[in-house]
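Structural description and commentary
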Amino acid sequence: MKALEEKILKEGKILGGDVLKVGSFLNQRIDVAFVMQMGEEIARLFEGEKITKIFTIESSGIAIAFAAATKMNVPVVFAKKNKSANVGDDVYTSRVHSFTHGNTYDAVVSKEFLSADDKVLIVDDFLARGNAIHGLIDMVGQSGAELIGAAIAIEKGFQGGGDELREKGLRVESLALIDSMEEGKITFRN
Ligand code: 5GP
């Protein structure tokens, strides 16, 4: 998505440790009109797939998942990063290592929100090493639902998670795919 690449070049900030900050439109302040455009692009890419649910993880995946879901007319289900009192005990769970926070947590989702007759599209803001997506795939697997693919706003291709998933046969669509972020210069894969 050319407009997203341009926005990353204009507003993105490269932090240490291969982290890209896009707080001005996706992670802290949400540029609603722009995120809705990203959602439309995801809906276009997966048109005709008969998706019944979008599955993401709190908190940064929710905005883009919501945008795609609005266009696709399906509900968003999001995994919580730690089991809280309002989730209950009847859950699917997966252990995830966080790239940005350097910690490990148990992602959880109530069993009632994912079931074997669902066709699921996973959506997230970033794909780096693939840990968050692996956790979501794991929980989809536990539910018996069919996984249609994954749609990502920004993939950092040089961290390998996306290509590893593609090699395993998963359809992974990234709206912007960064090949390198060296010396302050961002290069996209065509
Ligand atoms: P992974 O699990 O694929 O290694 O990392 C993806 C998760 O970590 C995403 O859910 C995202 O929240 C966070 N993340 C990874 N890399 C970045 C980054 O460069 N910038 C931001 N803002 N979040 C990132």
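Relevant structure appears above.
Residues numbered from 1 in each chain as written. Predicted model: local features only at pLDDT ≥ 70, side-chain atom pairs only at ≥ 80, totals over all residues. Heavy atoms only, no water.

Moving on: helix α4 (residues 60-72). Those residues of α4 not exposed but buried are Gly 61, Ala 63, Ile 64, Ala 65, Ala 67, Ala 68, Ala 69 and Met 72. Residues of α4 that are buried sit in contact with α3 (32-45), β3 (53-57), β4 (76-79), β7 (119-127), β8 (146-156) and β9 (172-182). Remark: Asn 73 follows α4 within two positions and exhibits a positive phi of approximately 60°. (Buried < 20%, exposed > 50% of the residue type's maximum accessible area, 1.4 Å probe, protein only. Helix = DSSP H or I, 4+ residues; strand = E, 2+ residues; numbered from the N terminus. Contact = heavy atoms within 4.5 Å.)

With that settled, consider helix α1 (residues 2-11). Here α1 has its buried residues at Leu 4, Glu 5, Lys 7 and Ile 8. In a view along the axis of α1, the buried residues occupy a sector of 165°, so they form one face of it. Opposite the buried face of α1, by more than 90 degrees, sit the exposed residues Lys 2, Leu 9 and Lys 10. Tucked inside the fold, the buried residues of α1 contact β2 (19-21), α2 (23-27), α3, β8, β9 and β10 (185-188). (Arc of directions from axis to C-beta.)

Bringing unusual backbone geometry into the picture now. Residue Ser 59 follows Glu 58 across a cis peptide bond; omega there is -5°. Along the chain, Ser 59 turns up in the loop between β3 and α4. Although it is not a glycine, Lys 50 adopts a positive phi angle of roughly 55°. Residue placement: Lys 50 occurs in the loop between α3 and β3. Given the relative accessible area of 66%, Lys 50 is considered exposed.

Attention now goes to the sheet that holds β8. In a beta sheet, neighbouring strands are held together by backbone hydrogen bonds and run either parallel or antiparallel to one another. Pairing in this open sheet of six strands is mixed, and the strands run β4-β3-β7-β8-β9-β10 from one edge to the other. Where the open sheet ends on each side, the last strands, each with one partner, are β4 and β10. On average, each strand axis in the sheet is inclined to that of its neighbour by 30°, with strand direction left out of account. Pairing between β8 and β9: six bridges, direction parallel. For Ala 150, the partnering residue across the bridge sits in β9 and is Val 172. (Pairing = 2+ DSSP bridges. Axes fitted to C-alpha atoms, helices over the stretch in contact; angles between N-to-C directions.)

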